[in-house]
Amino acid sequence: MQLRYNYRAYPDASQRRALASAFGCARVVWNDCLRDRKVAQAAGLPYVKSAELSRLRITQAKRTVERAWLADVSAVVLQQSLRDLDTAYKNFFDSLKGKRQGRKVGPPRYKSKKDARQSIRLNGSAFSLKGNGTVYVAKVGNLKVKWSRRLPAAPTPVTVTKDSCGRYFLSFVVDTEPDILPEVEAESGIDLGLSAFAVLSDGRKIDSPRFLRRAEKKLKRLQRELSRKAKGSRNRAKARIKVARQHARVANRRRDFHHKASTQIIRDNQAVYMEDLAVSGLGRTRLAKSVHDAGWSAFVGMLQYKATKHGRTFTKVDRAFPSSQVCSACGFRDGPMPLHVREWTCGECHAVHDRDHNAARNVLFEGRRIVAAGRAETLNASWSAGKTGTKVPAQRGEAGSPRKGRTAQAGIPGL
């Protein structure tokens, strides 16, 4: 399986200028190639091949006066930008043909220098890990990196990213073998919510930290200060960075909470069952801010890849399953109830249920039934968990914390 490891980088002034040039050149190549394909499509011409775009927009463009500065950055950065455009088009075409699962993917769009996130990608020929703890990037130099832990294997590609608050990160993708944990007897169904972040079928509740709500007071003050600054001024740029840093702190706290909670659940349970929530739909309701603050999608994604990594079973229960309407004691369906009803009594067996705990128990029973019937929809469900050769795509976020009892080792990654 593939895992992603992120490390903070600290380039000096000259390296920041070189990275800014690389970000800009990669963006220009992307936009030029995308424009050529859009023009050809509008004129009814055939799809422009990558080889032709590489010759026109990279090789020949370097010899022109308007694009001579493309030669100042590594050719790997420019070629990789074109490959990324090809991947974006492939995902779009596969989505149209139904070959790609999940939500529909739109066509590629132009990139802007004002985007919050700037990035370049390099393969193994354009970067190397040095013995003194730095990472050499072609035509940028040796970047100082804060190694929070060692890489488990040799990385092949690396992504250099600059976020909205001016931080730089190196993101490595490595192929690793599953780290199978000892088997345990416990299984758990999980019901996600807003009053409590998660309720487990054994009765445990994980409180919702509400990181965005807690930071709203400071964010309001920083936003007011930003709105008072003149557009285009240096003070406005400083105020914008302050707002971006505060949002980054909120995101970091939420991500840390998700990692700790998901890791603990995977370690304690052999199988985890969860309802397939329509987060995108809930994000358009009056509860949108609270739904996005909870970050359910990121949490479920962490549970899924950690289950694959550690040999656990993870199964999603269909969102149409009436987990909140069925009595977990006798199976009697009592009908829909408004959200303000948090406790109810079964009309058949008269058992008193907490709404969330009852839903978690029903998710547990339904998940067991799905696995027993052999209809689990995840790559790692049932007996094949952690034992198949199926590759799991690397997550956009970092791959979790070190195992409990193992301290993070600083320094250059060792294999």
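Data block above holds the structure.
A few points on the structure. All residue numbers refer to positions counted from 1 along the written sequence of the respective chain. Whole-chain, interface and lining totals are the exception, using all residues; otherwise, since this is a predicted model, local features are given only for residues with pLDDT of at least 70 and side-chain atom pairs are given and counted only at 80 or more. Only heavy atoms go into the side-chain values, all of them from the structure, while hydrogens and water stay out.

1. What to know about the overall build of the protein
So, point 1. On a plain count of helices and strands, the protein comes out with nine helices and 14 strands.
So, point 2. Principal axes of the C-alpha set define a box for the protein whose edges measure 80 × 55 × 55 Å.
So, point 3. Per-residue burial over the protein gives 44% buried out of 415 residues.
So, point 4. Contacts between residues were defined by any pair of non-hydrogen atoms, one from each residue, lying within 4.5 Å. Nonlocal contacts in the protein, meaning residues at least 24 apart in sequence, comprise 71% of its contacts between residues at least 6 apart.
So, point 5. Note on areas: Shrake-Rupley with a 1.4 Å probe; residue coverage comes only from the protein chains shown. Of the accessible surface of the protein, which amounts to about 23,000 Å², a share of 51% is contributed by carbon and sulfur atoms.
So, point 6. When charges are counted, Lys and Arg are positive and Asp and Glu negative, with His and the chain ends excluded. In plain terms, the charge of a residue is placed at NZ if it is Lys, CZ if Arg, CG if Asp and CD if Glu. Taking the 81 positively charged and 36 negatively charged side chains of the protein as two groups, their mean positions are separated by 10 Å. In this description a helix means any DSSP run of H or I spanning at least four residues, a strand means any run of E spanning at least two, and both kinds are numbered starting from the N terminus. Throughout, exposure labels follow a simple rule: accessible area from a 1.4 Å probe, protein chains only, divided by the maximum for the residue type, with under 20% read as buried, over 50% as exposed, and the rest as partly exposed.

2. Focus on the state of the cysteines
So, point 1. What counts as a disulfide here is a pair of cysteine sulfur atoms lying within 2.5 Å. For the coordinates displayed, the defined rule picks out zero disulfides.
So, point 2. Looking at Cys33, it has no disulfide partner, and the nearest cysteine sulfur is the one in Cys25, 13 Å off.
So, point 3. In this structure Cys33 comes out as buried when scored by relative accessible area, which is 0%.
So, point 4. No disulfide involves Cys330; its nearest neighbouring cysteine sulfur is the one of Cys349, lying 3.6 Å away.

3. A few points about unusual backbone geometry
So, point 1. A positive phi angle, close to 50 degrees, is found at Arg210, a residue other than glycine.
So, point 2. Inspection of the secondary structure assignment puts Arg210 in the loop between β10 (205-207) and α4 (211-227).
So, point 3. Its identity is not glycine, yet His350 carries a phi of approximately 65 degrees, on the positive side.

4. Remarks on the packing of helix α2 (residues 50-59) against helix α3 (residues 75-97)
So, point 1. Axes here refer to lines fitted to C-alpha atoms; in helices the fit is confined to the stretch in contact. Angles between the N-to-C directions go from 0 to 180 degrees. At their nearest, the axes of α2 and α3 sit 11 Å apart, and the two run at 140 degrees to each other. When the interaxial angle is binned, α2 and α3 end up oblique. For the crossing formed where α2 meets α3, the hand is right-handed. Contact residues: α2 offers Ser50, Leu53, Ser54 and Ile58, while α3 offers Leu78, Gln79, Leu82 and Asp86.
So, point 2. For the contact of α2 with α3, the per-class residue count stands at four nonpolar, three polar and one charged. Under this scheme an angle from 65 to 115 degrees is roughly perpendicular, one under 35 degrees roughly parallel, and one over 145 degrees roughly antiparallel; angles in between are oblique. Note on convention: near helix rotated counterclockwise from far helix by under a right angle means a left-handed crossing. Clockwise means right-handed. Each residue receives one of three labels: charged for Asp, Glu, Lys and Arg, nonpolar for Ala, Val, Leu, Ile, Met, Phe, Trp, Tyr, Cys and Pro, and polar for the others, Gly being one of them.

5. Looking at the packing of α4 against helix α5 (residues 234-268)
So, point 1. Look at α4 against α5: their axes get within 9 Å of each other, and the N-to-C directions meet at 170 degrees. Our classification of the angle between α4 and α5 gives roughly antiparallel. Packed against α4, whose contacting residues are Phe211, Leu212, Ala215, Lys218, Leu219, Leu222, Gln223, Leu226 and Ser227, the element α5 presents Arg236, Ala239, Arg240, Lys242, Val243, Gln246, His247, Arg249, Val250, Arg253, Arg254 and Phe257 at the interface.
So, point 2. By residue class, the composition of the contact of α4 with α5 is ten nonpolar, four polar and seven charged.

6. As for a nonpolar patch on the surface
So, point 1. Think of a patch as exposed residues, more than 30% relative accessible area, with no salt bridge, where like charges cluster within 9 Å and nonpolar side chains (Val, Leu, Ile, Met, Phe, Trp, Tyr) cluster within 5 Å. By convention in these notes, a salt bridge is any Lys or Arg side-chain nitrogen within 4 Å of a carboxyl oxygen on Asp or Glu. Taken together, the side chains of Tyr47, Phe93 and Leu96 make up a nonpolar region of the molecular surface, amounting to roughly 290 Å² of accessible area.
So, point 2. Tracing the backbone shows Phe93 in helix α3.

7. Brief notes about the sheet that holds strand β12 (residues 313-317)
So, point 1. Two strands are said to pair when DSSP picks up at least two bridges between them. Spatially, the five strands line up as an open sheet ordered β10-β9-β8-β11-β12, and their pairing is mixed. The open sheet terminates on both sides in strands that have one partner only, identified here as β10 and β12. Neighbour to neighbour, the strand axes of the sheet diverge by 20 degrees on average, direction disregarded.
So, point 2. Note that strand β8 (residues 187-192) and strand β11 (residues 271-275) share four bridges and pair parallel. Looking at β11, one finds that Gly189 is bridged to Tyr273.

8. As for the nonpolar core
So, point 1. Take the buried Ala, Val, Leu, Ile, Met, Phe, Trp, Tyr and Cys residues and link them wherever side-chain atoms come within 4.5 Å; each set so joined is a nonpolar core. Of all hydrophobic cores here, the largest spans 49 residues; its most connected members are Ile120, Leu122, Val135, Leu170 and Phe172.
So, point 2. Each residue touching Val135, except ones within four places of it in the same chain, is listed here: Phe127, Ser128, Leu129, Gly141, Asn142, Leu143, Val145, Trp147, Leu170 and Phe172.
So, point 3. By size, the runner-up hydrophobic cluster in this structure holds 26 residues, among which are Ala215, Phe257, Ala294 and Phe299.

9. Describing α3
So, point 1. Compared with an ideal rise of 1.5 Å per residue, which puts 23 residues at 33 Å, α3 spans 33 Å between its outermost C-alpha atoms and is within 8% of the ideal.
So, point 2. Of the positions making up α3, those classed as buried are Val76, Val77, Leu78, Gln80, Ser81, Leu82, Leu85, Ala88, Tyr89, Phe92, Asp94 and Ser95. One less than the residue count of a helix, multiplied by 1.5 Å, gives the span that helix is expected to have.

10. Details of helix α8 (residues 296-310)
So, point 1. With 15 residues, α8 ought to run about 21 Å at 1.5 Å a step, and its terminal C-alpha atoms sit 21 Å apart, in line with that.
So, point 2. Counting buried positions along α8 gives twelve out of 15 residues, so the element sits mostly inside the fold.
So, point 3. Here α8 has its buried residues at Trp296, Phe299, Val300, Gly301, Met302, Leu303, Tyr305, Lys306, Ala307, Thr308, Lys309 and His310.
So, point 4. Immediately downstream of α8, the backbone of Gly311 shows phi near 75 degrees, a positive value.

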